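Residue strings, one per chain:
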Amino acid sequence: MRFLPYISLAASLCCLVAAPAPAGEREVIGKATPKRVVKPTKPLLGKLNSKTGAVGVGGVKAAGKAAIKKPGKKPKVLNEEPVDKTRILDDLEQYEPPLKAHVDLLDHRKTKKDLPLLEDYKNPCWWQMGKFLCLPYFYIIGFRKCATTDLFARLNMHPHVVQPWRKETYWISYRKKRLPPSDFADLYGTTIFSKAANNPDKIIMGDGDPNVAWFFLDSPPKSIVLPAYLIHRYTPAARMIVMMRQPASRLYSDYLYLQHPDRSPQHFHENALATMERYTECFKEDTVRNCVYNRKLFQLDNKSMIHLSHSMYSIYVAEWLKVFPREQFLFTRTEDFGVKMGEELKKTFKFLDLHAFEENEMGILTNMSKANQNAKSDVGKIMPETEAALNEFFQPFNEALADITGDKKFYWDDLEPRE
């Protein structure tokens, strides 16, 4: 692709350039190494055993179990620690977001200028070389099969929210599928320009890609580059809406949505158990965070269509909260949105600094048909034993999420048992 001889800020959006580190603050480039984990001499994860479904651990066979070395203390084997809330939170505290993105993804022009955002516009917009460009004011960053499409459709009914050309633009996630960021900003600007002509201080537009929360570039031992870094670099005031559903319920809904050719409750049961076993083996040899971002496990999840890690919400939420302040997030549950839609929409409008609907208008809004529901199928419900096993697996992650967000509703212990 040929580039124009001049430097374009819009074109620079295609590369990750983080803001320079504040004075006196340690600069980290590349891998943020855990203080207590010794890097193994061989890959932690081996090949998948076609008979058992288990993943071999190469480092254990060749060199013994990875040890943690602390000055003046006897080395401790990591797999002696259970995967509970304490360990999850402890693992997450060891990592800080890099103050510069991975060196391979830096803008070769090293452009570090901030976007010249227009002060009279509520939505982040700017003029550049005769073009009116914009980026989203808000993002619904996750998670898939948590009613994000339905929420996005209802938000776009507000008179001050302009609907983009599509809900999921993939300008951050799925690099090979998204539009070039310069085109993305151009399309947003074109859509907003005419709508915001008379009231630029009120009109906003959002992005509804539910993969943004968990999406990552590279994996350990390389730097984990997250969309949060890119969004914060250009629009640090962006607001994030995070919708989360009871983890086992989300996982099974996603499995049905992806339509595995052999899908059935029994097929899901067998693959879910095998997937939990793979992650459990990884947790014995590495940090929880590294396992969640492990590329090999991610690829195996894609093959089985059991995206277990996408329901480990606490890992991703903690990462984003290290980049943006808590007040720029709205955390909500799919279950609450389903039964108290009016209340949840009012909270969302307030969060986005939008005026509330009148009662009759809200009635029309809440009575709209639901968007992007799974089509009814004869596959059947999740097996009780599968659900019980998944609930046990996800429990420490839910506890960590409740601790991170300061909201006990994310225990999901208030939901009525399934029939």
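Our structure's up above, just so we're on the same page.
Quick caveat, the model's predicted, so the values are computed rather than measured. Within every chain, residues take consecutive numbers counted from 1 along the sequence as written. Only residues with pLDDT of at least 70 are given local features in this predicted model, and only at 80 or more are side-chain atom pairs given and counted; all residues enter the totals for whole chains, interfaces and linings. In computing side-chain properties, one takes all heavy atoms of the structure into account and sets aside hydrogens as well as water.

Undergrad: What am I meant to see in the state of the cysteines here?
TA: Working definition of a disulfide: a covalent bond connecting the sulfur atoms of two cysteines. Cysteine sulfur atoms that pair up within 2.5 Å are treated as a disulfide. Evaluated as defined, the whole model comprises 2 disulfides. Here C282 is linked by a disulfide to C291, with a sulfur-sulfur distance of 2.1 Å. One quick way to see it: the torsion about the S-S bond of C282 and C291 is about -95 degrees, and its sign makes the bridge left-handed. Each member of the pair C282 and C291 is classed as buried. Each residue gets one of three labels from its accessible area relative to the maximum for its type: buried under 20%, exposed over 50%, partly exposed in between, using a 1.4 Å probe on protein chains only.

Undergrad: Just checking my understanding: could you explain helix α10 (residues 313–321) for this structure?
TA: At 3.6 residues per turn, the α-helix brings residues three or four places apart onto the same side. Secondary structure elements are taken from DSSP: a helix is a run of H or I of four residues or more, a strand is a run of E of two residues or more, and numbering for both begins at the N terminus. For α10, a buried count of 8 out of 9 residues is recorded, marking the element as mostly surrounded by other parts of the structure. Those residues of α10 lying buried are Y313, S314, I315, Y316, V317, A318, E319 and W320.

Undergrad: Explain the pairing of strand β7 (residues 239–244) to me, please; I cannot follow it from the model alone.
TA: On a regular strand, each side chain points to the face opposite its neighbour's, so the side chains alternate between the two faces of the sheet. Within β7, 5 of the 6 residues are buried, which leaves the element mostly enclosed by the surrounding structure. Paired strands are those between which DSSP finds at least two bridges. Looking at chain direction, strand β5 (residues 138–142) and β7 are connected through 4 bridges and run parallel. Bridge pairing links I140 to I241 in β7. Taken together, the 5 bridges between β7 and strand β8 (residues 329–333) define a ladder with parallel strand orientation. Residue M244 lies in a different strand from β8, and its bridge partner there is R333.

Undergrad: Help me out: how do you make sense of the side chain of T405 in this one?
TA: The topology assignment puts T405 in helix α14 (residues 384–405). By the criterion applied in these results, polar contacts are pairs of N or O atoms within 3.5 Å in which, for protein atoms, one can donate a hydrogen and the other can accept it, and in which residues neighboring in sequence qualify only through two side-chain atoms. At 3.4 Å, the side chain of T405 forms a polar contact with the backbone nitrogen of D407. Contacts are residue-level and defined by heavy atoms, with any inter-residue pair within 4.5 Å sufficient. Once residues within four sequence positions are removed from consideration, T405 is found in contact with V317, R326, F331 and F410.

Undergrad: Can you help me understand the pairing of strand β3 (residues 125–128) in this one?
TA: Pairing of β3 with strand β4 (residues 131–134) involves 4 bridges; the strand directions are antiparallel. Bridge pairing in β4 places C125 opposite C134. Counted between consecutive antiparallel strands, the loop separating β3 from β4 contains 2 residues, among which M129 sits at a positive phi close to 50 degrees.

Undergrad: What's the story with the nonpolar core in this structure? I'm lost.
TA: By size, the foremost hydrophobic cluster in this structure holds 103 residues, and its most contacted members are F138, M244 and L390. Setting aside residues no more than four positions away along its own chain, L390 makes contact with A248, L251, F268, A272, M276, L308 and I382. What is meant by a nonpolar core is a set of buried Ala, Val, Leu, Ile, Met, Phe, Trp, Tyr and Cys residues, joined one to another through side-chain atoms within 4.5 Å.

Undergrad: Please explain the packing of helix α6 (residues 247–258) against helix α7 (residues 265–285) as it appears in this structure.
TA: Interaxial angles span 0 to 180 degrees and are taken between N-to-C directions of axes, which are lines fitted to C-alpha atoms, for helices over the stretch in contact. Where α6 contacts α7, the axes come no closer than 12 Å and their chain directions differ by 120 degrees. Taken together, the axis directions place α6 and α7 in an arrangement best described as oblique. α6 and α7 meet at a crossing whose hand is right-handed. On α7, the residues that touch L251, Y252 and Y255 of α6 are P265, H267 and F268. Gly falls in the polar group here, along with every residue not listed as nonpolar (Ala, Val, Leu, Ile, Met, Phe, Trp, Tyr, Cys, Pro) or charged (Asp, Glu, Lys, Arg). Broken down by class, the residue content of the contact of α6 with α7 amounts to 5 nonpolar, 1 polar and no charged. Relative orientations are named as follows: roughly parallel for angles under 35 degrees, roughly antiparallel for angles over 145 degrees, roughly perpendicular for angles from 65 to 115 degrees, and oblique for any other angle. Handedness of a crossing is defined here by the sense of rotation of the near helix relative to the far one, left-handed for an anticlockwise turn of less than a right angle and right-handed for a clockwise turn.

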